[in-house]
Amino acid sequence: MTLIPLYKWTKGLHTFELSRVNFMNQPWASGITLLACVIIAMLLANLPITAHLYHEILTTNLTIKISNDFFAISIPENMNVEKFINDILMVVFFFTVGLEIKREVVCGELSTVKKAILPIIAAAGGMAVPAIIYAIFNAGTLTSGGWGIPTATDIAFAIGIMSILGNRVPVSLKIFLTALAIADDLGAILVVAFFYGGDIDLPLLFIALFILAIVRLMNNLGEKRMAYYLVPAIVVWFLFYYSGIHSTMSGVVMAFMIPMDARFSHAYLKRSNQKYINRLAAYDLENSKSGTLFPNESQRHCLHRMSYINNNSIGMSYRLEHALAPWVNFLIMPIFAIANAGVVIPDISFFNIFQQLPIEETGFVGLGIFFGLLLGKPIGISLASFIAIKSKVGAMPEGASWKMLFAVACLGGIGFTMSIFVDTLSFGNLAPEDTETLRAFGKIAVLLGSLCAGILGSLLISIFHKMESRRK
C-alpha cells in the first residue's frame, strides 16, 4: 500500500544522504521497518521461550462486557487483540489510504483522464492476471476463494527499493508505479468490500448509508469542524462491523467524506496574519517600557489565534493525512506485521510452498500466490500497459523503455500488507484448524513471492540500466 505522497518523488530523487535526513522521512524507512517486524514476528511465533506468550497475547479478550441480573451485552462481540488490530487499528490505515486516494483523484496523479488512464489500466491488468494464475492452480477447490491474495501491491517496499536504486529508475516510472499502486489500493479495497465480507444485514447497512448521506450533506454545506466527522465515523464503524461489510471499509468511506477545502480562505489568512503581526509589534513597545518578556499575555493570545487560523487554512483532509501518516507507517503497519506475520513453522517442509497441503478438496495455494505475485503482477501490468499505449489510450512514461517498464512492474509483485490482510480473510469456508493452516501457508507464500519479486525487479533494473547506459 502507499502512504508516501507523490511529491516526494519530484524533489531530491537522485540524492541519498541518510546523515542529513531523519530516518522517518526516508521513503524506504517504512519498508525497512516492516521487514524488521516480519522477522521479529517469525521469531516470536517460533522460539520456544516466546511462542506461547506471543499467541496468548494475540488471543487475549478485549471485549467490553456490560451485564446485570436481566441482560448481558459485549461491545464489540468476540473481540481479541488480533481482531482489534485487524478490525480497528487497520481502519486508521484504510482511512489514511482513502485520504491519499481522494487527494490524488482530486488534484494529483489521477486527477485527469490523461494522467490516470495508464496507471488505472495497468493496475487492472496487474490485478486480473494474478487472480487468473491463482484460479488455474485452485479452480474447483475449497481454496478458490483466495484469488484476491496475490492481486495487491505494497508500495512501501517498492518505493524503498526504488529509492535505494536511485537514478537507475526514471522519475516517470517512479511516478507511474506510485500512481498505479494508488489505483491498485482502490481495487484491493473494492475486492475486500465485495468479496471478503460476511452475510449482509441490510437494515444496519441502510442506517450506515443514511448517516453517511448526512455527513456528505454537512460537507456540501461547508461544515469543516473535525468533531462533526469523528462521531459519525465511530457510529459507521459499528454499523459496518455488525452489518457484514468488513469494518475497515468504514475508514475508506469516511475518508471520502472529509472536506479538502480549508476553513479559512487565502485572503482571510493574509488579512488575519497581518492584523496579528501589527498587534504583536504594538505589544512589543509595551513590553520594552514595562520590562515584560516576550510574549506577554496579549501576545500569547495573538500567537494562538495565528496558529489556529494558519492551521485551519489547510484542508482537514490534508491535515489528517499528514498527521496520521507517521503513526500508520511506524506504528499501525508494524503492529499489523507483528500480529499477522508470525507464522508457526512446524518443520522446514512448511517452506515448500509448491506442495499441496494434505487437506481434502484444496488446491495449490502456495503456487497460486507465489506465481501470481512473481509472474502475474509484472505480466499483467506490462501487458495492460502495452495494450493501452499501442492503442494510444495511454502514453509511455517519459524517458522509459519497455524493458525498464517491465522491470519496474516486477516490483509490483511485492504484495505484503494488503496480500496478508486478504489472506487473514480467506478460507473461512473450511474447518477452523484447516483455515488457520492455509492462512499460515498463504502468508509464507506471500513473503517468499514478495521477496523474489523484489529481488527480480532490482536485478532487472540494474541490468537494463547498465545496458542503456552503454548505448548512450
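Each chain has its residues counted from 1, running along the sequence as written. Totals for whole chains, interfaces and linings use every residue, but because this is a predicted model, local features are given only for residues with pLDDT of at least 70 and side-chain atom pairs only at 80 or more, for both listing and counting. By convention in this description, side-chain values take in all heavy atoms of the structure and omit both hydrogens and water.

A few words on the overall build of the protein chain. Helix and strand counts for the protein chain stand at 16 helices and two strands. Relative to the 2.2 N^0.38 estimate, which gives 23 Å for 472 residues, the radius of gyration of the protein chain is 25 Å and therefore close to what a compact globule would have. Based on the C-alpha atoms only, the size of the protein chain along its principal axes is roughly 85 × 85 × 45 Å. Only protein chains enter the accessibility calculation, which uses a 1.4 Å probe. A residue is then buried if its area is under 20% of the maximum for its type, exposed if over 50%, and partly exposed in between. Counting all 472 residues of the protein chain, 52% fall into the buried class. Partitioning the intrachain contacts of the protein chain with sequence separation of at least 6 by distance along the chain shows that 79% fall at a separation of at least 24. Strands here are runs of E lasting at least two residues and helices are runs of H or I lasting at least four, both read from the DSSP assignment and numbered beginning at the N terminus. For this measure, only C-alpha atoms enter the radius of gyration; the expected value for a globule follows 2.2 Å times N^0.38, where N is the number of residues. We call two residues in contact whenever any of their non-hydrogen atoms come within 4.5 Å of each other.

Turning our eyes to something else, we now look at the pattern of salt bridges. Pairing of side chains with opposite charge becomes possible as their charged atoms draw close. Salt bridge, as used here: a side-chain nitrogen of Lys or Arg that lies within 4 Å of a carboxyl oxygen of Asp or Glu. The full count for this structure, using the stated rule, is seven salt bridges. Note that E321 and R103 form a salt bridge whose closest N and O atoms lie 2.6 Å from each other. Here R103 lies in helix α3 (residues 81-107) and E321 lies in helix α12 (residues 316-340), a separation of 218 residues in the sequence. The exposure class of R103 is buried, given its relative accessible area of 11%. Notably, a salt bridge pairs R439 with E436, separated by 3.9 Å at the nearest N-O pair. Of this pair, R439 and E436 both sit in helix α16 (residues 432-471), three residues apart, which is roughly one turn of the helix. Sharing partners across several salt bridges, the network here consists of E100, R103, E104 and E321.

What follows is about empty space enclosed by the protein. A cavity here means a set of 1 Å grid points, computed over protein atoms only, where a 1.4 Å probe fits but cannot escape. A pocket is an open set with protein on both sides within 12 Å along at least 5 of 7 lines, and lining residues have an atom within 4 Å of a point. Grid points are joined across faces, edges and corners, and a volume is the space filled by probe spheres set on the points. A complete count under the given rule lists one cavity of 30 Å³ or more for this structure. Estimated volume of the largest cavity: approximately 40 Å³. Looking at the largest cavity, the residues that line it are K224, P259, D261, A262, R263, N312, I314, G315, M316 and R319.

On to the side chain of D423, then. Within the element layout of this structure, D423 appears in helix α15 (residues 416-423). Note on charges: Lys and Arg go in the positive column, Asp and Glu in the negative column, and His and the chain ends are not counted at all. For the buried D423, no salt bridge exists, and the shortest N-O distance to an oppositely charged side chain is 4.8 Å, to K443. Ignoring any residue separated from it by four or fewer positions in sequence, one finds D423 in contact with I149, L438, R439, G442 and K443.

Attention shifts here to unusual backbone geometry. The backbone of E361 sits at a positive phi, close to 60 degrees, despite the residue not being glycine. By the secondary structure assignment, E361 is in the loop between α12 and α13 (365-390). A positive phi is found at K392, a non-glycine position, where the angle reads about 65 degrees. Looking at the secondary structure, you find K392 in the loop between α13 and α14 (402-411). Classification of K392 by relative accessible area gives exposed; the value is 75%.

This next bit is on helix α2 (residues 48-58). When α2 is considered as a whole, its buried residues turn out to be T50, A51, Y54 and L58. The arc that holds the buried residues of α2, viewed along the axis, is 115 degrees, so those residues lie on one side. When the buried face of α2 is taken as reference, the exposed residues oriented beyond 90 degrees from it are P48, I49 and H52. To be clear, the arc concerns the directions from the helix axis to the C-beta atoms.

Our next topic: the layout of surface pockets. Size it by volume and the largest pocket reaches roughly 970 Å³. Around the largest pocket, the lining is made up of 35 residues, and of these E82, N86, T424, E436 and R439 lie nearest the centre. Every element with two or more residues in the lining of the largest pocket is listed here: α2, α3, α8 (227-243), α12 and α16. The element best represented in the lining of the largest pocket is α16, accounting for five residues. In the scheme used here, Gly and all other residues not listed as nonpolar or charged are polar, with Ala, Val, Leu, Ile, Met, Phe, Trp, Tyr, Cys and Pro taken as nonpolar and Asp, Glu, Lys and Arg as charged. When the residues that make up the lining of the largest pocket are grouped by side-chain class, the tally is 13 nonpolar, 15 polar and seven charged.

The next point concerns the side chain of H246. Assignment of secondary structure puts H246 in the loop between α8 and α9 (248-257). Within 3.5 Å is the distance limit for a polar contact, defined as a pair of N or O atoms, with the added protein rule that one can donate a hydrogen and the other accept it, and that residues adjacent in sequence qualify only through two side-chain atoms. Side-chain polar atoms of H246 contact the side chain of D87, separated by 3.4 Å. A distance of 2.8 Å separates polar atoms of two side chains, one belonging to H246 and the other to T248. Excluding residues that lie within four positions of it along the chain, H246 makes contacts with N86, D87, V192, G197, F240, F421 and L425.

Only Phe, Tyr and Trp rings take part, Trp by its six-membered ring, and two of them pair if their centres are within 6.5 Å. Stacked means planes under 30 degrees apart, edge-to-face means over 60, and tilted covers everything else. Scanning all chains against the criterion turns up 17 aromatic pairs. Aromatic pair W147 and F195: ring centres 5.2 Å apart, planes at 80 degrees, arrangement edge-to-face. Residue W147 is located in the loop between α4 (113-138) and α5 (155-165), and its partner F195 is located in helix α6 (residues 171-195); the two are separated by 48 residues in the primary sequence. Classification of W147 by relative accessible area gives partly exposed; the value is 24%.

Turning to a nonpolar patch on the surface, a few remarks are in order. A cluster of nonpolar residues, L375, I379, L383, F386, I387, W402 and F406, forms a patch on the protein surface that exposes about 610 Å² of accessible area. Counting only elements with at least two residues in the nonpolar patch, the list comes to α13 and α14. Looking at the nonpolar patch, the element that brings in the most residues is α13, giving five residues. As for its placement among the helices and strands, F386 is situated in helix α13. Patch definition: residues with relative accessible area over 30% and no salt bridge; like charges joined within 9 Å; nonpolar side chains (Val, Leu, Ile, Met, Phe, Trp, Tyr) joined within 5 Å. Using the Shrake-Rupley algorithm and a 1.4 Å probe, accessible areas are obtained, with residue cover drawn only from the displayed protein chains.

Right, let's get into the confidence of the model for the protein chain. For the protein chain, per-residue confidence averages 86 on the pLDDT scale, and 93% of positions sit at 70 or higher. Across the protein chain, element-level confidence peaks in α13 with a mean pLDDT of 95 and bottoms out in strand β2 (residues 72-75) with 64. Every residue in residues 1-21 is under pLDDT 50, and counting partners more than four places away or in other chains gives 59 contacts. What pLDDT reports is the predictor's confidence in each residue, on a scale of 0 through 100.

What follows concerns the packing of α14 against α16. Axis definition: a line fitted to C-alpha atoms, limited for helices to the stretch in contact. Angles are taken between N-to-C directions and run from 0 to 180 degrees. Interhelical geometry of α14 versus α16 gives an angle of 160 degrees and a closest axis separation of 7 Å. Taken together, the axis directions place α14 and α16 in an arrangement best described as roughly antiparallel. In this structure, α14 crosses over α16, and the sense of that crossing is left-handed. The residues of α16 that touch α14, namely those facing K403, M404, F406, A407, V408, C410 and L411, are A453, G454, L456, G457, S458, L460, I461, F464, H465, M467, E468 and R471. The class makeup of the residues in the contact of α14 with α16 is 12 nonpolar, four polar and three charged. Orientation is classified from the angle alone, with under 35 degrees giving roughly parallel, over 145 giving roughly antiparallel, 65 to 115 giving roughly perpendicular, and any other angle giving oblique. Here is the rule for handedness: rotate from the far helix to the near one, and if that takes an anticlockwise turn smaller than a right angle the crossing is left-handed, while a clockwise turn gives right-handed.

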